[in-house]
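Here are the chains, one letter per residue:
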Amino acid sequence: MKVCIYRGGMHLIQKSGIGQAILHQEQMLKESDVIVLPYPTPDTDIIHINTVLPDAVIMALYARMHHIKVIYYGHSTEGDFKNSFKGSNYLSAFFQSWIRFCYGLGNCVITPTRYSRNQLSSIGVKKDIFTISNGVDTSFFRPSKKAGLRFRNRYGLNETDTVIISVGHFMERKGLPDFIDLARHMPDAHFFWFGYTDPLLQTETVKNALRNAPSNITFPGYVSQSQLHEAYCGCSLFAFMSYEETEGIVVLEALSCGTPTLVRDIPVYADWLIDGENVYKAQNQAEFIQRARMMINKTLPSLHQAEIKTAYKYSLRQEYIALHKIYTNLLSSGAN
């Protein structure tokens, strides 16, 4: 079986969750008997497309003209487009129509969660939609005291210092202003936000929050996966305050490292992250402040083993098994 993971536009999305998903797909396939192609050839069986950029549409049309099956990964929805970049809310209606058109070019659509599958169905995507997690590399993102110490040494932190981290672009949707506010309410803790967005794309709300950030928060920017692993292992708490996700790869990474994890109580997590069982959840800012303090003070039970067990359910190996089944069914069908 020959499969092409289309990499067009990778320079634009390599630091995003979609870029990470592409790397996960390549890793899954290279560890199997599937031949992974850097570009399509006449005997390609399947092309995976992950973006809704114009060049991806051209590739989908090329594939259909040459009778190559297309799997379109539905990473994007109108909901996670809103409150992201400057002007995104004004363009959201057009974006909904665009992604419906893009996903319609696939023989089938794969999306990470049941929640995002329902979102795509609700806007009129008519193709078969399958749910397969983006997955997490549990062999890489794993608990490590040594990795945690490297993180603390890098930033001059003591072993007893309270450290709270988050990961993502500088976006309102990702909860950056709320994370900064959390730091303001916990002045004795050290806060780190890993990620970056060009100021030209930042909304005024985000720019204002960054300008007024307290001194106990650090913005290291985009860091390597190794440094991110160290941060998960070395922090006291991972607080992911995003308002909308199609899955949240960074949540899986934190869970895989056994990091105490606090997320916003939003629909995407409803059927796989359970409050008090494998994560803790907060519905509003007051609850985030209260629960963060309780988790730091250990007045809430540790969920360490449950976190790791949850991550293993979404390991790359487990997701590949589900993906291979879709391959087999797609190639055995006569539909073009």
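Up top is the structure these notes are about.
> What am I meant to see in the side chain of His229 here?
Tracing the backbone shows His229 in helix 10 (residues 225-234). Take His229: its relative accessible area is 8%, and that puts it in the buried class. At a separation of 3.5 Å, a polar atom in the side chain of His229 contacts the main-chain carbonyl oxygen of Phe140. Apart from the residues within four sequence positions on either side, His229 is in contact with Phe140, Phe141, Arg142, Ser144, Ala147 and Cys257.

> Teacher, can you tell me more about the environment of Thr259 here?
Within the secondary structure layout, Thr259 lies in the loop between helix 11 (249-256) and strand 11 (261-264). A residue is classified by how much of its surface remains accessible, and Thr259, at 1% relative accessible area, is buried. Considering only alpha carbons, one finds Thr259 and Leu303, 44 residues apart in sequence, at a separation of 8.9 Å. Each residue touching Thr259, except ones within four places of it in the same chain, is listed here: Tyr232, Cys233, Cys235, Leu237, Phe238, Ala254 and Glu307.

> Any chance you could explain the pattern of salt bridges here in plain terms?
Close approach of charged atoms allows side chains of opposite charge to pair. Throughout the structure, instances matching the rule amount to eleven salt bridges. In this structure, Lys2 engages Asp43 in a salt bridge whose closest nitrogen and oxygen atoms are separated by 2.5 Å. With a gap of 41 residues between them, Lys2 in strand 1 (residues 2-5) and Asp43 in the loop between strand 2 (35-37) and strand 3 (46-49) connect regions that are remote in the sequence. Asp43 sits in the partly exposed class, given a relative accessible area of 41%. Here Arg114 ties to Asp271 by a salt bridge, and the two come within 3.0 Å at their closest N and O atoms.

> It is not clear to me how the nonpolar core should be interpreted in this structure. Could you clarify?
Among soluble globular proteins, nonpolar side chains are generally buried collectively. Grouped together as the largest cluster of nonpolar side chains are 34 residues, with contacts concentrated most on Phe151, Ile165, Phe194, Tyr232, Phe238, Val251 and Tyr269. Counting only elements with at least two residues in this core, the list comes to helix 7 (145-154), strand 7 (163-167), strand 8 (190-194), helix 10, strand 10 (237-240) and helix 11. In terms of residue count, the dominant contributor to this core is helix 11 (five residues). In this structure, Tyr232 is in contact with Phe141, Ile165, Val167, Phe238, Val250, Glu253, Ala254, Cys257 and Thr259, ignoring residues within four places of it in sequence. With 27 residues, the next largest nonpolar core counts Ala189, Leu237, Ala239 and Tyr280 among its residues.

Each value, and the rule that gives it
- Throughout, a residue's number is its position along its own chain's written sequence, starting from 1.
- Under the rules for a predicted model, residues below a pLDDT of 70 receive no local features and side-chain atom pairs below 80 are neither given nor counted, while totals for whole chains, interfaces and linings still include all residues.
- Here the side-chain values reflect all heavy atoms present in the structure, with hydrogen atoms and water set aside.
- Strands are runs of DSSP state E lasting at least 2 residues, helices are runs of H or I lasting at least 4, and numbering of each runs from the N terminus.
- Buried residues are those whose accessible area, probed at 1.4 Å on protein chains only, stays under 20% of the maximum for their type, while exposed residues exceed 50% and partly exposed ones sit between those limits.
- Each polar contact in these results corresponds to two N or O atoms within 3.5 Å; when the atoms are within protein, one needs to be able to donate a hydrogen and the other to accept it, and residues that are neighboring in sequence are counted only if both atoms are side-chain atoms.
- Throughout, a contact is declared for two residues whenever any of their heavy atoms are within 4.5 Å.
- The term salt bridge refers to a side-chain nitrogen of Lys or Arg lying within 4 Å of a carboxyl oxygen of Asp or Glu.
- The set of buried Ala, Val, Leu, Ile, Met, Phe, Trp, Tyr and Cys residues whose side-chain atoms join them within 4.5 Å is what this entry labels a nonpolar core.

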